[in-house]
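Fold and contact review
Listed below are the residues making up each chain.
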Amino acid sequence: MVKILAEKCIGCNACIRTCPVPNANRYDGSVVHINNDECIQCGECIKHCPHGARDYDDDIEAFMN
C-alpha cells in the first residue's frame, strides 16, 4: 500500500501530476494526502516524487498468509 511520509512532503504536486487517477490525491495546503479509496496502488507517485515523500508498505507476507 502506498503511503505518504508527511515530514518529507513539500507540496510540490509531482505526485498529482503523474497520477493516472484524478481523485487519488488531495493537497491540503502543505502536504499531498492519498485517497486510498481511489488510489490504484500503481506506484507512479513513488517513482516521481523528488523528495522521497512517497513509499509503500510491503504486505506480501500478509498476502501469502
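All of the points below concern the structure found in this document. Remember, it's a predicted structure, so these values are computed and weren't measured experimentally.

Side note on the overall build of the chain
- The helix and strand tally for the chain stands at 3 helices and 4 strands.
- Here the chain holds 65 residues, and 28% of them are scored as buried.
- A sequence separation of at least 24 residues applies to 52% of the contacts in the chain between residues at least 6 apart.
- Per element, the accessible surface of the chain, about 4500 Å² overall, is 50% carbon and sulfur.
- Between the mean site of the 6 positive side-chain charges and the mean site of the 10 negative ones, the chain shows a separation of 9 Å.

Concerning the pattern of salt bridges
- Under the counting rule described, the total for this entry stands at 2 salt bridges.
- Ionic pairing is found between Asp-57 and Lys-3, a salt bridge with its closest N-O pair at 3.1 Å. Separated by 54 residues along the polypeptide, Asp-57 in the loop between β4 (54-56) and α3 (60-64) and Lys-3 in strand β1 (residues 2-4) bring together distant segments of the chain.
- Look at Asp-57 and you get partly exposed, because its relative accessible area is 39%.
- On the accessibility criterion, Lys-3 (29% relative accessible area) is partly exposed.
- The closest approach of N and O atoms between Lys-47 and Glu-44, which form a salt bridge, is 2.7 Å. Here Lys-47 pairs with Glu-44, and both are found in helix α2 (residues 44-48), just 3 residues apart, close to one helical turn.
- Residue class for Lys-47 comes out exposed when judged on its relative accessible area of 61%.

Criteria and thresholds
Residues numbered from 1 in each chain as written. Predicted model: local features only at pLDDT ≥ 70, side-chain atom pairs only at ≥ 80, totals over all residues. Heavy atoms only, no water. Helix = DSSP H or I, 4+ residues; strand = E, 2+ residues; numbered from the N terminus. Buried < 20%, exposed > 50% of the residue type's maximum accessible area, 1.4 Å probe, protein only. Contact = heavy atoms within 4.5 Å. Areas by Shrake-Rupley, 256 points an atom, 1.4 Å probe, with all protein chains shown as cover. Lys, Arg positive; Asp, Glu negative; His and termini not counted. Charge placed at Lys NZ, Arg CZ, Asp CG, Glu CD. Salt bridge = Lys/Arg side-chain N within 4 Å of Asp/Glu carboxyl O.

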